[in-house]
Amino acid sequence: GRVRGGELDPELVDLARLNLRLAGLDAPVHHGDVFAAPPPPADVVVANPPYSVEIDDPTVLARFELGRGRRRVPSDVLFVEALESLVRPGGRAAVVLPWSLVANPTWATVRARLDAHWVRTAVCELPEGVFRPFGGAAGKACLLWMQRRPAPTRPCRAARLDDPGYDPRSKF
């Protein structure tokens with residue numbers, strides 16, 4: 001199959017290209033903003049979108065139902081909607097998202113949108129601070145595996161990772 005990538009940070013684009021070459025793949029990695037110019041849809045998407053970056057560009061917000069009429073929206077919320085254009089119907093996605101999108105009552109409308117467009121096949125709750133040692137968010141995250149509707153209905157599996165193999169409370 002064909003592999004391609006996309007990233008906003010130009011340094012990470014170069015790093016991703018290098019990693020893919022070292023793995024024996026000469027795959028294109030495009031520098032771009034998925035919110036401003038989404039790439040063509042794929043059969044499978046694996047993503048770790050940025051968390052809680054406030055998107056306040058009125059042009060970008062107007063493109064998304066979850067952004068219309070609002071002055072700013074967290075990037076992870078917009079990514080939930082953007083993912084619909086990144087994956088073909090019947091395709092699959094594995095995404096790292098804040099646990100709050102899955103569990104917090106505040107984000108019920110985002111979950112409703114997920115349920116309308118996706119079948120959740122598995123959820124894995126990660127320990128709080130799992131990304132902190134790498135300069136990431138300190139809050140809880142989860143891995144969410146989904147299949148884009150129309151998709152066969154299968155029961156959702158759930159798991160929780162208690163020990164990532166290091167102390168997620170430390171920075172180094």
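Check the entry above for the structure.
Residues numbered from 1 in each chain as written. Predicted model: local features only at pLDDT ≥ 70, side-chain atom pairs only at ≥ 80, totals over all residues. Heavy atoms only, no water.

Student: Kindly report on a nonpolar patch on the surface, identifying the contributing residues and their values.
Tutor: Nonpolar side chains collect at one region of the surface, where Leu12, Leu15, Leu18 and Leu22 lie side by side and expose about 390 Å² of accessible area between them. Structurally, the position occupied by Leu15 is in helix H1 (residues 10-22). Given a relative accessible area of 43%, Leu15 falls into the partly exposed group. (Patch = residues over 30% accessible without salt bridge, like charges linked within 9 Å, V, L, I, M, F, W, Y side chains within 5 Å. Areas by Shrake-Rupley, 256 points an atom, 1.4 Å probe, with all protein chains shown as cover. Salt bridge = Lys/Arg side-chain N within 4 Å of Asp/Glu carboxyl O. Helix = DSSP H or I, 4+ residues; strand = E, 2+ residues; numbered from the N terminus. Buried < 20%, exposed > 50% of the residue type's maximum accessible area, 1.4 Å probe, protein only.)

Student: Pulling in residues and values, what's your account of the pairing of strand S8 (residues 141-148)?
Tutor: Burial within S8 is extensive, with 6 of its 8 residues counted as buried. Bridge count between strand S6 (residues 87-98) and S8: 7 bridges; the pairing is antiparallel. Of the residues in S8, the one forming a bridge with Ala94 is Trp145. Examined bridge by bridge, strand S7 (residues 118-125) and S8 share 7 bridges and lie antiparallel to one another. Pairing of Val119 across the sheet is with Gln147, part of S8. (Pairing = 2+ DSSP bridges.)

Student: Any details on helix H3 (residues 75-86)? Residues and values, ideally.
Tutor: Its 12 residues give H3 an end-to-end C-alpha distance of 15 Å, which sits within 8% of 16 Å, the value for a rise of 1.5 Å per residue. Among the 12 residues in H3, 11 count as buried, and that is most of the element. By the burial criterion, the buried members of H3 are Ser75, Asp76, Val77, Leu78, Phe79, Val80, Glu81, Ala82, Leu83, Glu84 and Leu86. (Expected span 1.5 Å × (residues − 1).)

Student: Break down the packing of aromatic side chains for me, citing the residues and quoting the values.
Tutor: Here the structure, examined in full by the defined rule, presents 1 aromatic pair. Both rings, one in Phe35 and one in Phe64, keep their centres 6.0 Å apart while their planes meet at 85 degrees; by these two values the pair is edge-to-face. One end of the pair, Phe35, is in the loop between strand S2 (29-31) and strand S3 (42-47); the other, Phe64, is in the loop between helix H2 (58-62) and strand S5 (73-74), with 29 residues separating them in the sequence. Of the two residues examined, Phe35 and Phe64, each falls in the buried class. (Phe/Tyr/Trp six-rings, centres within 6.5 Å; stacked < 30°, edge-to-face > 60°.)

Bear in mind that shape data such as this cannot, by itself, settle questions of function.
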